[in-house]
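Here's the letter readout for the chains.
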Amino acid sequence: MTAQPLWQPDLSARRKPLLSDFMAEAAMGSGLALKSFADLHAWSVAQPLVFWPLAWEFCGLVGDKGSVPLQAHPDPTKVRFFPEARLNVVDSFLKNADSRDAIVFTGEAGHRMVWSRAELKREVERLAAALRDAGIAPGDHVAGYVPNMPQTVAAMLATASLGAVWSSCAPESGPAVVVDRFSQIEPKLMFAADGYFYSGKTFETRAAISEVAARVPSIQNIVVWPYAGDAGNLPKGMTAYETFKQKDAPALDCRPMGFRDPLYVMFSSGTTGKPKCIEHSGGGTLLRMLVEQQLHCDLHPGDRMFYYTTCNWMMWNWQVAALASEAVIVLFDGNPIYPGIHRLFDLAEAEKVTHFGISAKYINASLKRRNRPADSHDLSALRVVLSTGSPLSPEGFAHVYADWKADVQLSSICGGTDILGCFVGGCPLLPVHQGEIQAPMLGLDVATLNDQGAPVEGVAGELVCRNAHPSMPTRFLNDPGNARFRASYFATYPNTWRQGDYMLRTEHGGYVVLGRSDATLNPGGVRIGTAEIYRQLDKIDDVADAVVVGQSFDNDVRVVLFVVPAEGAVLDDTLAARIRTEIRKQASPRHVPAKIIAVADIPRTKSGKTAELAVRDVVNNQPVRNLSGLANPQALELFADLPELQI
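Along each chain, residue indices are assigned from 1 in the same order as the chain's sequence is written. Local features in this predicted model are restricted to residues whose pLDDT is 70 or higher, and side-chain atom pairs enter the listing and the counts only when it is 80 or higher, whereas totals over whole chains, interfaces and linings include all residues. Derived side-chain values reflect all non-hydrogen atoms in the structure, with water molecules and hydrogen atoms excluded from consideration.

### Brief notes about the side chain of T506
Next up, step 1: By the criteria applied, helices consist of DSSP H or I runs no shorter than four residues and strands consist of E runs no shorter than two, each listed in order from the N terminus. Mapped onto the secondary structure, T506 falls in the loop between β25 (497–505) and β26 (511–516).
Next up, step 2: Burial classes follow relative accessibility: with a 1.4 Å probe on protein chains only, a residue under 20% of its type's maximum area counts as buried, one over 50% as exposed, and anything between as partly exposed. A relative accessible area of 10% means that T506 is categorised as buried.
Next up, step 3: We define a polar contact as two N or O atoms separated by no more than 3.5 Å, with the added condition that, inside protein, one atom must be a possible hydrogen donor and the other a possible acceptor, whereas residues neighbouring each other in sequence contribute only through side-chain atom pairs. A polar atom in the side chain of T506 sits 2.8 Å from the side chain of E436.
Next up, step 4: Throughout, a residue-residue contact means that at least one pair of heavy atoms, one from each residue, lies within 4.5 Å. Among all residues touching T506, those that are not within four sequence positions of it are E436, Y511 and V512.

So, in structure tokens, the structure goes:
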């Protein structure tokens, strides 16, 4: 990492960040001299009774927040935010429904669709009326087996307007994956598309839809829209989307809900057991997302937010929330690097994207392909680049500034499905240092703790949050007494949320993510984050992909690295020596793998994350409890019973 920042905010610019205005309001209201982000963050943690109501008003959440901002309790799971509030989040999503763009959609096969805010609201009205006629009531569950399209957004908002609860899976998810999830929430109705496009191929999904419906008996209605074919000739039991909508629907009248009433059920990845059903509130998640997007990402009305995601991933919910800031959401469905790495940059240029969100894996793929959109694309509208999904390497940071655009705020973010938001992320008032996430999120008492529960800086520790916040899950479904919920987050440190990420707090006040703590390597009893090894591999063009795990061997744990060689490369002694040298030089001798083994593929979850734990289980002859959580479970066969791991 370099001492000099890669980017400094220009606070003399004509348009100040929204965070500056918020800090001024907070200073005026509190009577405190809040001169820095550190001051503001400390105040937001110390004064939740003042911070969260101010955030509600400043960020434009629509509804009656009541007179009580917070009911405190020493147990964070029993803290209640805005217990008197009455609101429906759809009123925030659809406020000022005029002729301005709301959604711009591009599909891999060339489909393009634009809906104004008024058109989106009218679509929601028609679907809400039809859902009501179909018997959907507050608290009911509605599911989507859906591509990332405008119809999906409208279906979710229509569901929420009635006080019902939304969950979704992407259409590339196999029926077993979907049944694992939807059978637990028992939806009454399912939205779907007749197919999807990926890597230049068309995939028909009617058979999969029928199988899911047959195996989830709670589903009483299936609504299908045409995307990949002709949805006018549907199997029995399915209704065409255009037929389902109520053409003469009345004006939207959203049902008022409590702040904590559920809006979403999200699912854990399912790679280590049946996916957990994580219930999230409407008011809590939207307020947190508004804070993150407006204050940390400087999202203004009229900005154009793109995030590459599918409906399996929480980033879909996060991106759609930008509608509540009166921003435009730019949707894409398909392979982000088909027919080439330029595909998303073509989209960013054509749609004048201001906020460009992708995975760290995509940035590293761009780096390895020596991609330089600064020379080939007009990215003048772009102000913020967002990266998540896995830790972004220092070389990835440098690549964005050298080859994409020099004057952007690069916000690497870290959070998760568990909170539908971030613990640490960007800050438009702070510099960007290479390899570092800029800051903790406002309102969250984030720290890194050692095994004894003491805060540490400059050395690795567990990422924790020491206070309650509005987007903590309300519960897990099918979890009597909240036993699984408490075991997942509060078993390690009393009344302190443990996220499961291994992280280092830097001298700049930023953060470096070292990997999942449950995938942490422990050779000789020394903890090593997997990201520390991946960062060194990112520099080696002959390595296309990799996964590193710990193998129990000879009463210790040894580091085993599996490598997918790049096209035309071979994992020979020369390449293996180069890998070891780079890791030893840039990390430490303890990081050097005991074994480096070539494989043809790496298993991944449906959201594209490396399935380290599944590989670790196979290598250690342990059962992988839910293969259906993987996008390519057959890849695990490459790691079983390897002779190299017996010696």
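Moving on from the coordinates now.
### Notes on the packing of aromatic side chains
Next up, step 1: We call Phe, Tyr and Trp rings a pair once their centres come within 6.5 Å, taking the six-membered ring for Trp, and we label the pair stacked below 30 degrees between planes, edge-to-face above 60, and tilted otherwise. The tally for this structure, following the rule as stated, stands at 32 aromatic pairs.
Next up, step 2: Pairing F423 with W497 gives two aromatic rings, centres 6.4 Å apart and planes at 50°, and the pair type is tilted. Taken together, the residues span a long stretch of sequence, with F423 in strand β20 (residues 421–425) and W497 in strand β25 at a distance of 74 residues. Of the two residues examined, F423 and W497, each falls in the buried class.

### Some thoughts on the nonpolar core
Next up, step 1: Among buried residues, those of type Ala, Val, Leu, Ile, Met, Phe, Trp, Tyr and Cys that are joined through side-chain atoms within 4.5 Å constitute a nonpolar core. One finds F93, L120 and F191 to be the most contacted residues of the largest nonpolar core, which totals 121 residues.
Next up, step 2: Apart from residues no more than four positions distant in its own chain, L120 is found in contact with L94, A102, I103, W115, A154, L157 and L323.

### Topic: the sheet that holds strand β18 (residues 409–412)
Strand pairing in a sheet takes place through backbone hydrogen bonds and is either antiparallel or parallel in direction.
Next up, step 1: On the basis of which strands lie adjacent, the open sheet formed by seven strands has the order β4-β3-β15-β14-β16-β17-β18 and mixed pairing. Each edge of the open sheet is held by one strand with a lone partner, namely β4 (112–116) and β18. If you compare each strand with its neighbour and ignore which way they point, the axes differ by 15° on average.
Next up, step 2: Note that strand β17 (residues 384–388) and β18 share four bridges and pair parallel. When the sheet's bridge partners are listed, V384 is paired in β18 with Q409. In this analysis, strands are considered paired if DSSP registers two or more bridges between them. Note on geometry: axes are C-alpha line fits, over the in-contact stretch for helices, and angles between N-to-C directions span 0 to 180 degrees.

### Structural notes on the pattern of salt bridges
Next up, step 1: We count a salt bridge whenever a side-chain nitrogen from Lys or Arg sits within 4 Å of a carboxyl oxygen from Asp or Glu. Applying the stated rule across the entire model yields 29 salt bridges.
Next up, step 2: Its salt-bridge partner being R383, residue D298 comes within 3.9 Å of it at the nearest N-O pair. Placement of D298 in the loop between α10 (282–296) and β14 (304–307) and of R383 in the loop between α14 (373–376) and β17 is noted, with a sequence separation of 85 residues between them.
Next up, step 3: A salt bridge links D545 to R604, with the nearest nitrogen and oxygen atoms 2.5 Å apart. Taken as a pair, D545 in strand β27 (residues 543–553) and R604 in the loop between β29 (595–598) and α19 (612–619) lie far apart in primary sequence, 59 residues in all.
Next up, step 4: Because the salt bridges share partners, they merge into one network encompassing D101, R112, R304 and E351.

### Observations concerning the pairing of strand β23 (residues 460–465)
Next up, step 1: Within β23, five of the six residues are buried, leaving the element largely enclosed by the surrounding structure.
Next up, step 2: The pairing of strand β22 (residues 446–449) with β23 spans four bridges and is classified as antiparallel. Bridging across to β23, V446 finds its partner in C465.
Next up, step 3: The sheet contact formed by β23 and β25 spans five bridges and is antiparallel. Paired with A460 across the bridge in β25 is L504.

### Here we look at the packing of helix α1 (residues 18–30) against helix α2 (residues 37–46)
Next up, step 1: Their axes nearest at 11 Å, the elements α1 and α2 cross at an angle of 55°. When the interaxial angle is binned, α1 and α2 end up oblique. For the element pair α1 and α2, the recorded crossing hand is left-handed. In this structure, α1 uses L19, F22, M23, A26 and S30 to contact α2, whose residues at the interface are F37, L40 and W43.
Next up, step 2: Its residues placed into classes, the contact of α1 with α2 shows seven nonpolar, one polar and no charged. Throughout, the term roughly parallel applies to angles under 35 degrees, roughly antiparallel to angles over 145, roughly perpendicular to angles from 65 to 115, and oblique to all others. Throughout, a crossing is termed right-handed when the near helix is turned clockwise from the far one, and left-handed when it is turned anticlockwise from it by less than a right angle. As a working rule, the residues Ala, Val, Leu, Ile, Met, Phe, Trp, Tyr, Cys and Pro are called nonpolar, Asp, Glu, Lys and Arg charged, and the rest polar, with Gly in that last group.

### Things to note about unusual backbone geometry
Generally, phi is negative for residues other than glycine and the peptide bonds are trans, each holding for most cases.
Next up, step 1: Each neighbour pair has its own omega, and for Y338 with P339 the value is 0°, a cis peptide bond.
Next up, step 2: If you trace the backbone, P339 turns up in the loop between β15 (328–333) and α12 (343–350).
Next up, step 3: With a phi close to 55°, S199 is a non-glycine residue in the positive phi region.

### What about helix α3 (residues 48–59)?
Next up, step 1: With 12 residues, α3 should reach 16 Å at 1.5 Å per residue; the first-to-last C-alpha distance of 16 Å fits that figure.
Next up, step 2: Burial in α3 covers these residues: F51, W52, P53, L54, A55, W56, F58 and C59.
Next up, step 3: Its buried side turned inward, α3 meets α1, α2, β2 (80–81) and α10.
Next up, step 4: Note on α3: the residue one or two positions beyond its end, G60, has a positive phi of about 80°. To estimate the expected span of a helix, subtract one from its residue number and multiply by 1.5 Å.

### With respect to the pairing of strand β6 (residues 165–169)
Next up, step 1: The element β6 is largely enclosed, with a buried count of five among its five residues.
Next up, step 2: Going residue by residue along β6, you find V165, S167 and C169 tucked away on one face and W166 and S168 tucked away on the opposite face as well.
Next up, step 3: In this structure, strand β5 (residues 141–145) lies alongside β6, joined through five bridges in parallel fashion. Note that in β6 the partner of V142 across the bridge is W166.
Next up, step 4: We call a crossover right-handed when, viewed with the strands running away from us, the connection from the first strand over the helix to the second turns clockwise. For the handedness criterion, the β-α-β arrangement of β5, helix α6 (residues 150–161) and β6 is classed as right-handed.

### Description of the packing of helix α13 (residues 360–368) against helix α15 (residues 394–404)
Next up, step 1: Look at α13 against α15: their axes get within 9 Å of each other, and the N-to-C directions meet at 60°. The orientation of α13 relative to α15 falls into the category oblique. Like other packed secondary-structure pairs, α13 and α15 cross with a definite hand, here left-handed. Of the residues in α15, those touching α13 at Y362, I363, N364, S366 and L367 are E395, G396, H399, V400 and W404.
Next up, step 2: In terms of residue class, the contact of α13 with α15 is made up of five nonpolar, four polar and one charged.

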